[in-house]
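Secondary and tertiary structure notes
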Amino acid sequence: MADRTAPSCQLRLEWVYGYRGHQCRNNLYYTAGKEVVYFVAGVGVVYNTREHSQKFFLGHNDDII
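Our subject in this report is the structure included herewith. (Residues numbered from 1 in each chain as written. Predicted model: local features only at pLDDT ≥ 70, side-chain atom pairs only at ≥ 80, totals over all residues. Heavy atoms only, no water.)

**As for the sheet that holds strand β3 (residues 43–48)**
Strand order in this open sheet of 4 strands is β1-β2-β3-β4, and the pairing throughout is antiparallel. The strands lining the two open edges of the sheet, one partner per strand, are β1 (29–30) and β4 (53–57). Two strands pair when backbone bridges link them, and β1 and strand β2 (residues 35–40) are joined in this way by 2 bridges, in the antiparallel orientation. Paired with Y29 across the strands is V37, a residue of β2. (Pairing = 2+ DSSP bridges. Helix = DSSP H or I, 4+ residues; strand = E, 2+ residues; numbered from the N terminus.)

Printed below as a string of structure tokens:
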């Protein structure tokens, strides 16, 4: 018999491309550490310009506007 259970795996967000500029304003900020803070859909993004890396905040269940 074939095993009908779902495989155990998880998705991991690696990079966010884009920026939501439509229907929004005052939605891009700079931190004292020269990081860029913005949002795309339901994800808050902190972009480190020196290391070219991103941190994500995924607590929203709908678009951030």
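**What about the packing of aromatic side chains?**
Enumeration according to the criterion identifies 3 aromatic pairs in this entry. Considering the side-chain rings of W15 and Y17, the 6.4 Å spacing of their centres and the 55° angle between planes classify their relative orientation as tilted. Judged by its relative accessible area of 25%, W15 is partly exposed. With 6.1 Å between their ring centres and 85° between their planes, W15 and Y47 make a pair best called edge-to-face. A residue pair is termed long-range when its members are at least 10 positions apart, and W15 in the segment before β1 and Y47 in strand β3 qualify at 32 residues. Among the aromatic side chains, those forming a connected cluster through ring pairs are W15, Y17 and Y47. (Phe/Tyr/Trp six-rings, centres within 6.5 Å; stacked < 30°, edge-to-face > 60°. Buried < 20%, exposed > 50% of the residue type's maximum accessible area, 1.4 Å probe, protein only.)

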